[in-house]
2 protein chains.
Amino acid sequence: MIDHYAVLEKNLIAVDCVIFGYNISDKELKLLLIKRKFEPEYGKWSLPGGFVKRGESVLGAACRVLYQLTGLKDVYMEQSSAWGDVNRDTGGRVITISHFALINTYKLDPVMIEASSAHWRSISRIPKLIFDHKKIVDKAHRQLIDRIKVKPVGFELLPEKFTLVQLQDLYEAIYQRTIDKRNFRKKIISMNLLEKLDEKEKETSKKGAFYYRFIPQRYEDFKRQGFYFNLDVQ
Amino acid sequence: MIDHYAVLEKNLIAVDCVIFGYNISDKELKLLLIKRKFEPEYGKWSLPGGFVKRGESVLGAACRVLYQLTGLKDVYMEQSSAWGDVNRDTGGRVITISHFALINTYKLDPVMIEASSAHWRSISRIPKLIFDHKKIVDKAHRQLIDRIKVKPVGFELLPEKFTLVQLQDLYEAIYQRTIDKRNFRKKIISMNLLEKLDEKEKETSKKGAFYYRFIPQRYEDFKRQGFYFNLDVQ
């Protein structure tokens, strides 16, 4: 028997991670970037990434890169796209598979981030990135925008309890535009996925605003009954 | 200077094509499958695929596979997903990047399809496929369902002129369920993307049904003005 696979050309396979971060006080969608530590493009701004190792799945490689940089596991991670142009990497033929992750930045250990020489940059002020990394970021950002309209993944970026203003701030930070407050509230409340708590946030206004909590179990129950999450507000 | 890329492990990269076909007389979403011509899994049902060659982009490889099988170029082709589990291919470590293509099957040369030993199978009656190909098909199908709600890609599967019944038949074939006729018509007409022709289809009813034509240029104009295509009908 001829081994049809043995004679074929092999390629380097990498993963690149678009790590989105948010916290409710900044109200800014941020991106975790590193300065590259090897040639080509030594010292330039880059997405965190790495090569897929033997015995490691592609998703496993992306999770490893994220863990090494942030110390976090169990993070929301989604495959974004494969990038396969022949000359995309000036160091050689590398096909990369980009992923995006969502991190509530208050969960992070600042010492670890400091040690890894990673830096948070606002999505609206991204420095020049190597290779096709800007395109990779733009695509992941568009996918995140689409995703939060139809899936409750935005809550990954919020603390357990949040006000409706804080939820709207998050959506506006991701969309990079304002949205209609009345419609937004009407839509999120009508889905009946939030529990109103008997507790108020009082730092930002005298009157205070009630805290809410997202109920994942209710979302799962509703989904089984054919419910669609929809928070697409102009 | 050390070449950091030279010492790294390389992998086989493949593409697999989920080729969806449709024609208005069958009213069935179909999938183009082949019987595999090499080991492992010789003779079993498989998606058409191939390995990415030197000097060829990933998208280029997917287009080559499609062209060799169908003789068609300029076909709607979209990247679907990367599949990177370690043991997904029993012949060795292969990372594959799946794509889906949309073909109006009346454009096909039946002799060419016959010669390539490819076969159309209804999406509702897919035979057992090798490796993770069933999962690859399911994901592409879900993506197609999502796509036709928000982008006018469904027209790729229709002839230049079609009736509203034929358009609804297509959506129902992709969704694999019936949809509400009144809402569907109201939504598609209100978007003002179709031109009503002065000509009727008279084969399926005595009274006849007017033909319509999708106007791509108008869609592009509307998009620039902030319009969103939306044909999400329950």
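Here the residue numbers are simple positions, counted from 1 along each chain's written sequence. For this description, chains carry letters from A and ligands carry numbers from 1, given in the order in which they are written. The predicted nature of this model means local features are confined to residues of pLDDT at least 70 and side-chain atom pairs, given and counted, to a pLDDT of 80 or more, with totals for whole chains, interfaces and linings taken over all residues. With hydrogens and water set aside, each side-chain value is computed from the structure's full complement of heavy atoms.

1. A short note on unusual backbone geometry
Piece 1. Residue Pro40(A) is reached from Glu39(A) by a cis peptide bond, and omega for that bond is -10 degrees.
Piece 2. For Pro40(A), the position within the fold is in the loop between strand 2 (30–35) and strand 3 (45–46).
Piece 3. Although it is not a glycine, Glu41(A) sits at a positive phi angle of roughly 70 degrees.
Piece 4. Starting at the N terminus, helices and strands are each numbered in turn, a helix being any DSSP run of H or I of at least four residues and a strand any DSSP run of E of at least two. As for its placement among the helices and strands, Glu41(A) is situated in the loop between strand 2 and strand 3.
Piece 5. Non-glycine residue Gln176(B) carries a positive phi angle of around 65 degrees.
Piece 6. Residue placement: Gln176(B) occurs in the loop between helix 4 (164–175) and helix 5 (181–190).
Piece 7. Overall, the relative accessible area of 44% leaves Gln176(B) in the partly exposed class. Three exposure classes are used, based on accessible area relative to the maximum for each residue type with a 1.4 Å probe and protein chains only: buried under 20%, partly exposed in between, and exposed over 50%.

2. A short note on the environment of Tyr219(A)
Residue and element names in this part refer to chain A.
Piece 1. Mapped onto the elements, Tyr 219 comes out in helix 6 (residues 216–224).
Piece 2. A C-alpha to C-alpha distance of 36 Å links Tyr 219 and Gly 55, two positions 164 residues apart in sequence.
Piece 3. Residue contacts follow a heavy-atom distance rule, with two residues in contact if any of their heavy atoms lie within 4.5 Å. For Tyr 219, the residues in contact, after removing those within four places along its chain, are Lys 151, Pro 152, Leu 193, Phe 214, Phe 227 and Phe 229.

3. Some remarks on the relation of the copies chain A and chain B
Piece 1. Superposition record for chain A on chain B: RMSD 0.0 Å, screw rotation 180 degrees, translation along axis 0.0 Å. The superposition of one copy onto the other is thereby described by a two-fold rotation axis.
Piece 2. A share of 100% of the interface residues of chain A reappears at the interface of chain B, consistent with the copies meeting face to face through the same patch. Here the copies are superposed with least squares, the fitted atoms being C-alpha atoms of residues at a pLDDT of at least 70 in both.

4. A word on the domain arrangement of chain A
Residue and element names in this part refer to chain A.
Piece 1. Source of the domain bounds: an automatic or database domain assignment. Taken domain by domain, chain A comprises domain 1 (10–150) and domain 2 (161–224).
Piece 2. Distance from the C-alpha centre of domain 1 to the C-alpha centre of domain 2: 28 Å.
Piece 3. Across the contact, 12 residues belong to domain 1 and eight residues belong to domain 2.
Piece 4. Counting each side, the surface lost to burial between domain 1 and domain 2 is near 970 Å², with a carbon and sulfur contribution of 67%.
Piece 5. It is Tyr 22, Ile 24 and Ile 148 that lose the most area in domain 1 upon contact with domain 2, and together they represent 47% of the buried surface on that side.
Piece 6. Salt bridges, as used here, are contacts in which a Lys or Arg side-chain nitrogen is within 4 Å of a carboxyl oxygen on Asp or Glu. Our count for the contact surface shared by domain 1 and domain 2 stands at one salt bridge.
Piece 7. Ionic pairing is found between Asp 169 and Lys 27, a salt bridge with its closest N-O pair at 3.9 Å.
Piece 8. Under the rule applied, a polar contact is a pair of N or O atoms within 3.5 Å (in protein, one hydrogen donor and one hydrogen acceptor; residues adjacent in sequence only if both atoms are side-chain atoms). Here domain 1 and domain 2 share three residue pairs in polar contact (both at pLDDT 80 or more) between them. The term buried area means the drop in 1.4 Å probe accessible area that two parts suffer when joined, counted for both and summed.

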